[in-house]
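Listed below are the residues making up each chain.
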Amino acid sequence: MDIRSNHVENVLTVNPQVLMPETPEEAHKLFLLNPESSSFIAGGTVIQMQREQGILSPSILISLEKIIEMKRIYAADHYLSVGAFVSLSDCISHFLLKDKASLLLTALKSIAAPAVRNRGTIGGNIAYEKGDALPALLAMDAQVQFFDGTYRSENIDSFLKRRWKHPLITSIRLPLKESTEDSFSFFKKVGMRQAFSLSLVTVAGRLCLDENRRCSEVRIGIGSSNQLPQRLPRSESLLEGSILTVELLNNLFDTLTEEFHPSSDILISGEYRKTAAANIILFHLYQLCRRRKGEKG
Ligand SMILES: Cc1cc2nc3c(=O)[nH]c(=O)nc-3n(C[C@H](O)[C@H](O)[C@H](O)COP(=O)(O)OP(=O)(O)OC[C@H]3O[C@@H](n4cnc5c(N)ncnc54)[C@H](O)[C@@H]3O)c2cc1C
């Protein structure tokens, strides 16, 4: 593709120019020519939704559709790589993800309706910053691969916190952890209409629980439609190395509600989101606790 320096003045428009680079380097260069008026576009579901709400598009859309390397899923020694342009549907049906990333698949199945999942991509879900995949990716310790002049890699937790300006996400890497009978995960999305709407609150968790109910490798990811998804480090530390008891769960409720500060909006109060999230986490841990107790007899 021929990259020329043609500066575009109008920042927003109803009829954007669509560019089709074939490599991440080319896409990044095109972006730098007109950073104020350009935006990357993958499946286009968010941009289409914004247009329907009367929000104008940036005047240059840099489509990622022709970048072949962003459409691959493969397994390496210690991780699974998922290209940013892989659609949510293709992630859901891929044998590698079915086998090795069940927590992410549960999250992806909760997103929108099939038509949106056929177009929407995993990279778009991350860049959107409100996506329901994010709590699961946080709980899985995913790494984001991106290009901003150099190829870089960053843990998704710090990637989100830094709020990088327009990096091109090229893929995500999911660490391959051996699934044992001690490893557990859970995911729950609370929405006004399950699977067809943005969440009021979405929670994902992963941990190991040995036969004495001692917790390790605890990760909790949480998100709600009006704020950046996050990990809950204080609650994770409280559980890490401790034996799961009813008393510990009571303490956990207090820590969770102190640590998570969702805001209110016209749909629902922050207090409701916070209490719902804490109850969901406690419910899943309590179930685990009972299961382990039952197994021990
Ligand atoms: C009716 C409807 C219901 C929805 N319900 C849900 C839901 O339940 N849960 C949910 O999580 N989402 C939902 N969404 C939002 C959206 O469909 C998904 O989040 C989807 O994964 C976005 O992917 P996309 O490829 O379409 O993103 P796009 O619309 O193409 O892009 C979204 C944003 O990400 C940027 N971007 C895209 N790819 C990259 C990349 N590789 N690198 C850097 N920036 C990039 C774009 O510049 C843009 O700012 C819904 C959307 C609609 C229209």
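Calculation notes
- Residues numbered from 1 in each chain as written.
- Predicted model: local features only at pLDDT ≥ 70, side-chain atom pairs only at ≥ 80, totals over all residues.
- Helix = DSSP H or I, 4+ residues; strand = E, 2+ residues; numbered from the N terminus.
- Buried ≥ 20, exposed ≤ 12 C-beta atoms within 10 Å, placed from the backbone.
- Contact = placed C-beta atoms within 7 Å.
- Arc of directions from axis to C-beta.
- Near = placed C-beta within 6 Å.
- Nonpolar A, V, L, I, M, F, W, Y, C, P; charged D, E, K, R; others polar.
- Domains from an automatic or database assignment.
- Pairing = 2+ DSSP bridges.
- Axes fitted to C-alpha atoms, helices over the stretch in contact; angles between N-to-C directions.
- Core = buried A, V, L, I, M, F, W, Y, C linked by C-beta atoms within 7 Å.

## Observations concerning the overall build of the protein chain
Okay, step 1: Across its full length, the protein chain holds twelve helices and 14 strands.
Okay, step 2: Taking the principal axes of the C-alpha coordinates as reference, the protein chain spans close to 70 × 45 × 30 Å.
Okay, step 3: Taken over 297 residues, the protein chain has a buried fraction of 40%.
Okay, step 4: In the protein chain, 64% of the contacts between residues at least 6 apart in sequence involve partners at least 24 apart.

## Description of helix α1 (residues 24-33)
Because an α-helix completes one turn every 3.6 residues, residues spaced three or four positions apart along the sequence face the same direction.
Okay, step 1: Within the span of α1, buried status applies to Pro 24, Ala 27, His 28 and Phe 31. Buried residues in α1, looked at end-on, bunch into an arc of 100 degrees, giving them a common side.
Okay, step 2: Buried residues along α1 sit in contact with β3 (38-41), β5 (60-63), β8 (143-147) and β10 (168-175).

## Here we look at the environment of Asp 157
Okay, step 1: Along the chain, Asp 157 turns up in helix α9 (residues 156-162).
Okay, step 2: Asp 157 gets classed as buried once you count the C-beta atoms within 10 Å, which come to 20.
Okay, step 3: Each C-alpha atom, one on Asp 157 and one on Asp 141, is 7.8 Å from the other, the two residues being 16 residues apart in sequence.

## Side note on the site of the ligand
Okay, step 1: Residues in close proximity to the ligand total 30 residues, the closest being Gly 43, Gly 120, Gly 123, Gly 124 and Ala 127.
Okay, step 2: Looking at the shell around the ligand, the elements that each hand over two or more residues are β3, α2 (45-52), α6 (114-119), α7 (122-127) and β10.
Okay, step 3: Classifying every residue of the shell around the ligand gives 17 nonpolar, eleven polar and two charged.
Okay, step 4: Two domains each donate at least three residues to the shell around the ligand, and these are domain 1 (13-63) and domain 2 (68-175).

## Overview of the domain arrangement of the protein chain
Okay, step 1: Each assigned domain of the protein chain is listed here: domain 1 (13-63), domain 2 (68-175) and domain 3 (183-296).
Okay, step 2: The C-alpha centroid of domain 2 is placed 20 Å from the C-alpha centroid of domain 1.
Okay, step 3: Every contact between the two is made by ten residues of domain 1 and, on the other side, 15 residues of domain 2.
Okay, step 4: Of all elements in the fold, only α1 and α2 reach the threshold of two or more residues within the side of domain 1 that touches domain 2.
Okay, step 5: Examining the composition of the side of domain 1 that touches domain 2, we find that four residues originate from one element, α1, more than from any other.
Okay, step 6: Its residues placed into classes, the side of domain 1 that touches domain 2 shows six nonpolar, four polar and no charged.

## Some thoughts on the sheet that holds β5
Okay, step 1: The sheet built from three strands is open, its strands ordered β2-β5-β3 with parallel pairing. With one partner strand each, in any of the chains shown, β2 (17-19) and β3 form the two edges of the open sheet. Sheet twist, expressed as the average angle between the axes of neighbouring strands with direction ignored, equals 30 degrees.
Okay, step 2: The sheet strands contacting α1 are β2, β3 and β5, and the helix crosses β5 at an angle near 170 degrees.

## A word on the nonpolar core
Okay, step 1: Membership of the largest hydrophobic core comes to 72 residues, with the highest contact counts inside it found for Leu 103, Leu 104, Ile 122, Ala 133, Ala 136, Leu 137 and Ala 277.
Okay, step 2: For Ala 136, the residues in contact, after removing those within four places along its chain, are Leu 103, Leu 104, Ala 107, Phe 187, Ala 204 and Gly 221.

## Considerations on the sheet that holds strand β6 (residues 73-75)
Okay, step 1: Taking strand neighbours across the sheet as the criterion, the five strands line up as β6-β7-β10-β8-β9 in an open arrangement whose pairing is antiparallel. Only two strands of the sheet have a single neighbouring strand rather than two, namely β6 and β9 (151-155). When strand polarity is set aside, the average angle formed by the axes of neighbouring strands in this sheet is 20 degrees.
Okay, step 2: One ladder, built from five bridges, connects β8 with β10; its direction is antiparallel. In the strand pairing of β10, Val 144 is matched with Ile 172.
Okay, step 3: Running over the sheet, α1 touches β8 and β10 and is turned about 135 degrees from β10.

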